[in-house]
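# Structure assessment
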Amino acid sequence: MKILLYNPDNGVTRNFMPHLWMFLLQSLTPAGHEVVLIDGNAQPMDEAGIARFVREENIGLVGIGAMTRMIAKAYRMADAVRAAGVPVVMGGPHVTEMADEALGRDGGPRHTDAVALGEADETWPSIVNDAVRGELKDVYAPVDAAGKERKPSLQDYPSIPWDAIDLRQFNLIPKIFHPFLKNVGEGWGTFRIVPVESGRGCPYGCEFCTVTGFFGDAIRFRTNESVVSELLLLKARAKSEGGQIAVFFIDDNFAINVKRTKSLLRDIIAAGAQVHWVAQISANLLRDEELVDLIAASGGKWVFIGMESIDPANLKDVNKGFNKPGEYGTVLERLAQRNVYAITSFIFGMDNDTPGVAARTLEQVRTWPPGLPIFGLLTPLPATPLYKRLEAAGRLTRPKHWQEFIPFFMAHTPLKMTIPEAHAEVNYGWEHSYSPDAIAKAVDSIADQPLGNRINIFLAHLCFRGIYFPMLGKWAWLKMIAQNRETIFKLMKEGFGGGRGSLSRSAEPATSYAETMAP
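## Things to note about the sheet that holds strand β2 (residues 34-39)
Pairing in this open sheet of 6 strands is parallel, and the strands run β2-β1-β3-β4-β5-β6 from one edge to the other. A single partner strand is all that each edge strand has here, and the edge strands are β2 and β6 (139-140). Pairing of strand β4 (residues 88-91) with strand β5 (residues 114-116) involves 3 bridges; the strand directions are parallel. Bridge assignment links G91 to a residue of β5, and that residue is A116. Here helix α1 (residues 20-28) sits on the sheet and contacts β1 (2-7), β2 and β3 (61-65); the angle it forms with β1, its principal contact strand, is near 160 degrees.

This is the structure in structure tokens:
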């Protein structure tokens, strides 16, 4: 049987990295089946396109995974596939919590033939075998003999054949740049960010987050050897292709067990498996100087930190009081001293926010080393404690906001500002952080560092700018280049002028990640 695994886009933004679930399920598929992967963020496709594809390619089963912001598109694509006579199974955090919605048991239309609840590592082979027999069940859940949910161990992790997988659709370098970049430094014509997980689960239970509900609060880890082997495979592929590959550790909190993380990073260094990598780590865990040393030595370039707010009252409200805004600057300086920079996320529309919160936040951000601030609105995702609290208080304005996805648009009424005021705060944050002037200041703030570091900062800003200002075509990219021409010319002049800052001596690929805070 030929199987399509499809990940939808949300129709507005584009992700900068493929989703791991597709590659993982491909590796877990029973022998004898062909698996095709399509990520809608890399290969845009509409309903007619996917229906035509499954017919022409003789697809026998389609698996669709989606988070809440993508679910409306996922349902439309699933409807088109089923209308073409091909069965669909859906999974992911949203479907796990809203299985009745996907199956049409809540009074709405049915969108899928089957749902996979929770982590599908163990249930996927059964789904495939049942599909072959034409006997798909409505619901597949990872449970033990007593009916209790079972979380898969990661100790016997499947081998993902990164050396053989076709990754052409995930090249981050726009085609318009290929003729200019292919001869500028080794591998600048291709650059990919590859998802790797070393563990699952998070014990923190932040009120707005779906992670603890989906993966649980018990942390499970892969063996160090398994992770190191995967990095070595990716590193070898990059070398053989003359390209660049960076890794995003998609763990919900990469350093949640600091002792274990240090052990893994030491093994990466000892094996020579360093690649440039990005990971999500809480600010409170970055107080550890040795950990930060190991992050830098093992190839860490960017750390995603969910700061959420500079107001301690807000953090307490959402069960994230372990964040201490007073130490944010110290943590970021500690990273920057080792040439590691931060992607700092902020949420506006929290209960203690008032008009002007974006300006107050940026006033703090500008005192820190240059990084990548990103901004979103507090969003009540289904089944989270936040959703339940707002629903009980009668504050939801769009109880099923996911059925009509609107980026950066609130689904509840804030306490101390209006919905339009909250929208204005997000707009202010993005515009004042990613304007040509703001990007130029970020690059100039590290003028004493090698050119490669400044190129890293510049390109990362351009990529993250695309979260709020999507650059989905040639003209959008050309406009962006024109707006930032002064900074580009300055970097090019130094790069091609030779000396300490020349590209041949110091250029490094930028790493970036937009998925976590995409609207």
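## Regarding the pattern of salt bridges
Pairs can form between side chains of opposite charge once their charged atoms are near each other. Counted according to the given criterion, the structure contains 33 salt bridges. The shortest N-O distance in the salt bridge between R222 and E230 comes to 2.6 Å. Like R222, the residue E230 is buried in the burial classification. Ionic pairing is found between K262 and E290, a salt bridge with its closest N-O pair at 2.8 Å. In this pair, K262 sits in helix α10 (residues 258-270) while E290 sits in helix α11 (residues 289-297), placing the two residues 28 residues apart along the sequence. For K262, a relative accessible area of 11% puts it in the buried group. Salt bridges here are not isolated pairs; linked through shared partners, they connect E119, D121, E149, K151, E197, R200 and R220.

## Observations concerning the packing of aromatic side chains
Throughout the structure, instances matching the rule amount to 18 aromatic pairs. Ring plane angle 20 degrees and centroid distance 6.4 Å describe the contact between F346 and W368, whose orientation is recorded as stacked. Here F346, found in strand β13 (residues 341-348), pairs with W368, found in the loop between α14 (357-365) and β14 (372-377); they are 22 residues apart in sequence, far enough to count as distant. When its relative accessible area of 1% is taken as the criterion, F346 is described as buried. Summarising the aromatic geometry, the rings of F408 and Y468 are spaced 4.7 Å apart at their centres and angled 70 degrees between planes, so their arrangement reads as edge-to-face. Of this pair, F408 sits in the loop between α15 (385-392) and α16 (419-433) while Y468 sits in helix α18 (residues 451-468), and the two are 60 residues apart along the sequence. Ring pairs connect the aromatic residues Y328, F346, F348, W368, F375, F408, W430, Y434, Y468 and F469, which therefore count as one cluster. Directly above the aromatic system of Y157 lies the positively charged group of R222, at a separation of 3.9 Å from the ring centroid.

## A short note on the nonpolar core
Taken as a class, soluble globular proteins show a tendency for nonpolar side chains to be buried jointly. L286 and I305 are the most contacted members of the largest nonpolar core, which has 112 residues in total. With 10 residues, α18 is the single largest residue contributor to this core. Discounting chain neighbours no more than four positions away, the residues touching I305 are I281, A283, L286, V331, L332, L335, A342, I343, T344 and S345.

## Looking at the sheet that holds strand β12 (residues 300-308)
An order of β7-β10-β11-β12-β13-β14 is seen for the 6 strands of this open sheet, with the pairing classed as parallel. The outermost strands of the open sheet, each flanked by one partner alone, are β7 (191-196) and β14. Taking the axes of each pair of neighbouring strands and ignoring which way they run, one obtains an average angle of 20 degrees across the sheet. Note that β13 and β14 share 6 bridges and pair parallel. Across the sheet, residue S345 finds its bridge partner in β14, namely I374.

## Remarks on a nonpolar patch on the surface
Taken together, the side chains of F489, M492 and F496 define a hydrophobic patch exposed on the protein surface, amounting to about 350 Å² of accessible area. Along the chain, M492 turns up in helix α20 (residues 485-496). A relative accessible area of 41% means that M492 is categorised as partly exposed.

## Topic: the environment of I219
Its location among the elements puts I219 in the loop between α8 (211-215) and β9 (220-221). Sequence spacing of I219 and F405 is 186 residues, and the spatial spacing of their C-alpha atoms is 32 Å.

## Things to note about the packing of helix α17 (residues 436-444) against α18
At a minimum axis separation of 9 Å, α17 and α18 run at an interaxial angle of 155 degrees. By the angle between their axes, α17 is roughly antiparallel relative to α18. Crossing of α17 over α18 shows right-handed handedness. Facing α17, whose interface residues are I439, A442 and V443, α18 presents R454, I457, F458, H461 and L462. Tallied by class, residues from the contact of α17 with α18 come to 6 nonpolar, 1 polar and 1 charged.

## Considerations on the environment of S263
Take S263: it is sitting in helix α10. When its relative accessible area of 29% is taken as the criterion, S263 is described as partly exposed.

## Looking at α1
Residues L20, M22, F23, L24 and L25 constitute the buried set of α1. Taken together, the buried residues of α1 touch β1, β2, α6 (124-133), β7 and β8 (199-200).

## Considerations on the confidence of the model for the protein chain
With 91% of its residues at a pLDDT of at least 70, the protein chain reaches an overall mean of 89. Confidence drops under pLDDT 50 across residues 499-519; counting only partners more than four residues distant or on other chains, this segment forms 88 contacts.

## Points about the packing of α16 against α18
Each pair of packed helices gets described by two things: the angle between the helix axes and the distance between those axes. Two elements in contact, α16 and α18, have axes whose closest approach is 10 Å; the angle formed by their N-to-C orientations is 155 degrees. The angle between the axes of α16 and α18 places the two elements in the roughly antiparallel class. Here the hand of the crossing between α16 and α18 comes out left-handed. Contact residues: α16 offers V426, N427, W430 and S433, while α18 offers H461, F464, I467 and Y468. Residues of the contact of α16 with α18, tallied by class, amount to 5 nonpolar, 3 polar and no charged.

## Some points on the environment of C209
Assignment of secondary structure puts C209 in the loop between β8 and α8. Sequence separation between C209 and A383 is 174 residues, and the spatial gap between their C-alpha atoms is 9.6 Å.

Parameters and conventions
Residues numbered from 1 in each chain as written. Predicted model: local features only at pLDDT ≥ 70, side-chain atom pairs only at ≥ 80, totals over all residues. Heavy atoms only, no water. Pairing = 2+ DSSP bridges. Helix = DSSP H or I, 4+ residues; strand = E, 2+ residues; numbered from the N terminus. Contact = heavy atoms within 4.5 Å. Axes fitted to C-alpha atoms, helices over the stretch in contact; angles between N-to-C directions. Salt bridge = Lys/Arg side-chain N within 4 Å of Asp/Glu carboxyl O. Buried < 20%, exposed > 50% of the residue type's maximum accessible area, 1.4 Å probe, protein only. Phe/Tyr/Trp six-rings, centres within 6.5 Å; stacked < 30°, edge-to-face > 60°. Lys NZ or Arg CZ within 6 Å of the ring centre and 35° of its normal. Core = buried A, V, L, I, M, F, W, Y, C linked by side-chain atoms within 4.5 Å. Patch = residues over 30% accessible without salt bridge, like charges linked within 9 Å, V, L, I, M, F, W, Y side chains within 5 Å. Areas by Shrake-Rupley, 256 points an atom, 1.4 Å probe, with all protein chains shown as cover. Parallel < 35°, antiparallel > 145°, perpendicular 65-115°, else oblique. Left-handed = near helix turned anticlockwise from the far one by under 90°. Nonpolar A, V, L, I, M, F, W, Y, C, P; charged D, E, K, R; others polar. pLDDT = per-residue confidence, 0-100.

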